[in-house]
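Structural overview
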Amino acid sequence: MTESPSIILNGTLVSEIEAKVSPLNRGMMYGDGCFETLKSYRRKFLEWNLHFQRLSESLEYLGIENDFTNTGLKEEISRLLKANNLDQKEALIRIQCWREGGRGYKPVSSKMSWMIQAEEIKNSYEPLKLITAETRCIPSQALERGFKLSNGLNYIKAAQEAQNRNADDALMLTMTDFISETTSANIFWLHDEAVFTPSEKCDLLPGITRKLVADVLLRNDVKLEKGEFSIAHIRQAEAAFCCNSVREIQEVASIDEKDMEIGHPLVKKIMVLFEKYKFELLNR
């Protein structure tokens, strides 16, 4: 029988199958919480301070008290990695926070409950087959898009659309028909030696890896255009790739019926430059 991995629940290291959370918790009932995902590189973290800042700002947005300190949270993650024999491997880290309290939309507490999970991840991913979803991104006027909030039903519905059409993920549009993001990543595409990506006006989560890719392009004089683009624009692209903190850069094989070039020279160059920049950041 495989031993159950450990998690940290409200500061206590416990087996995942033995962890107990009240069924009357607001995270489950309403998605009243937030989370952060990042990758551990043998207990090193790429842009740790940006991840911690986003988590802290997410809790502030929700009006939930932040019990973490920058150093303390990093130490908790290191403790969990060691307990699961992942301290010398690459691992996915998920920090989940939710508000204490019970039923009713009006919060009666600002206290926080939390847990941290860790699991080993692979280092290579196949190019993605994307479809354009009918499900739209939530407008920033309705809900702040800069944070990873716990209620992801619109992403789930878009992912179901992709699943039903034998695709790996869904490309999502804004309510005004501009390209935004996929359900789990930011997207870039290439045309005539320039790189394009949606701007933050497009109701996307401005990912930390998205920022790093943009930094790499700027440092190496690769033209990057951020803006509001229609689906017709990306269908004219030669190649495309997605990025997030766990998968880093992942090529796109197709979008709807449009095939993309795999191994495009500029994408390969960006991936090499990203690896060099990552090494620099992790070892500074």
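Described below are features of the structure shown in this document. (Residues numbered from 1 in each chain as written. Predicted model: local features only at pLDDT ≥ 70, side-chain atom pairs only at ≥ 80, totals over all residues. Heavy atoms only, no water.)

**Points about the packing of helix α5 (residues 208–219) against helix α7 (residues 265–282)**
What counts, and what does not: Axis definition: a line fitted to C-alpha atoms, over the contacting stretch in the case of helices. Angles run 0 to 180 degrees between N-to-C directions. Secondary structure follows DSSP: runs of H or I at least 4 residues long count as helices, runs of E at least 2 residues long count as strands, and numbering of each begins at the N terminus. Should an angle fall under 35 degrees it is taken as roughly parallel, and over 145 as roughly antiparallel, whereas 65 to 115 is taken as roughly perpendicular and any remaining angle as oblique. Contact between two residues is taken to exist if any of their heavy atoms lie within 4.5 Å; hydrogens are not considered. Following the grouping adopted for this structure description, the nonpolar residues are Ala, Val, Leu, Ile, Met, Phe, Trp, Tyr, Cys and Pro, the charged ones are Asp, Glu, Lys and Arg, and the polar ones are all others, Gly among them.
Packing of α5 against α7 brings their axes to within 10 Å, and their N-to-C directions diverge by 105°. Taken together, the axis directions place α5 and α7 in an arrangement best described as roughly perpendicular. On the side of α5, the interface is formed by Thr209, Leu212, Val213, Asp215, Val216, Leu217 and Arg219, while α7 contributes Ile270, Leu273, Phe274, Tyr277, Glu280 and Leu281. Its residues placed into classes, the contact of α5 with α7 shows nine nonpolar, one polar and three charged.

**Observations concerning the nonpolar core**
One broad trend across soluble globular proteins is that nonpolar side chains are buried collectively. Test applied: By nonpolar core we mean a set of buried residues, namely Ala, Val, Leu, Ile, Met, Phe, Trp, Tyr and Cys, connected to one another through side-chain atoms within 4.5 Å. When accessible area is computed with a 1.4 Å probe and restricted to protein chains, residues below 20% of their type maximum are described as buried, those above 50% as exposed, and intermediate ones as partly exposed.
Residues Phe68, Leu73, Ile77, Ile95, Cys97 and Ile116 are the most contacted members of the largest nonpolar core, which totals 26 residues. Elements with a minimum of two residues in this core: β3 (33–41), α2 (48–62), α3 (70–83), β4 (90–99) and β5 (112–120). A total of five residues in this core trace back to one element, the largest contributor, which is α2. With residues up to four places along the chain from it excluded, the contact list for Ile77 reads Phe45, Trp48, Ile93, Ile95 and Ile116. Grouped together as the second largest cluster of nonpolar side chains are 22 residues, Leu46, Val216, Phe241 and Ile249 included.

**Regarding the packing of aromatic side chains**
Going by this rule: Within 6.5 Å between ring centres, the rings of Phe, Tyr and Trp (the latter by its six-membered ring) count as paired, and their orientation is classed by plane angle as stacked under 30 degrees, edge-to-face over 60, tilted in between. The rule is short: NZ of Lys or CZ of Arg within 6 Å of the ring centre and within 35 degrees of the ring normal puts a charge over the ring.
This model, assessed by the stated rule, comprises nine aromatic pairs. With a centroid separation of 6.4 Å and 15° between ring planes, the pair formed by Trp189 and Phe196 is classed as stacked. Overall, Phe196 belongs to the buried group, its relative accessible area being 7%. Through successive ring pairs, a cluster of aromatic residues spans Phe45, Trp48 and Phe52. Lying over the aromatic face of Phe35, Arg94 brings its terminal NZ or CZ to 4.0 Å of the ring centre.

**Some thoughts on the pairing of β5**
Looking down a regular strand, the side chains alternate between one sheet face and the other. Here is the rule we go by: Whether two strands pair comes down to DSSP finding at least two bridges between them.
Alignment of strand β1 (residues 6–9) against β5, held across two bridges, turns out to be antiparallel. Bridge pairing in β5 links Ile8 to Ile116. With nine bridges connecting them, β4 and β5 associate as antiparallel partners. Paired with Cys97 across the two strands is Trp114, which belongs to β5.

**Some remarks on α5**
Stated formally: For a helix, the expected span equals 1.5 Å multiplied by the number of residues minus one.
Spanning 12 residues, α5 covers 17 Å between terminal C-alpha atoms, matching the ideal 16 Å at 1.5 Å per step. Across the 12 residues that make up α5, a large majority, nine, are buried. Buried within α5 we find Ile208, Thr209, Arg210, Leu212, Val213, Ala214, Asp215, Val216 and Leu217. A positive backbone phi angle near 55° is found at Asp221, which sits one or two residues after α5.

**As for unusual backbone geometry**
A positive phi angle, close to 55°, is found at Asn85, a residue other than glycine. Residue classification places Asn85 among the exposed positions, given a relative accessible area of 57%. Backbone geometry at Asp177 places phi at a positive 75°, although glycine is not the residue there. Among the structural elements, Asp177 can be located in the loop between β7 (169–173) and β8 (179–182).

In short, geometric facts, not functional conclusions.
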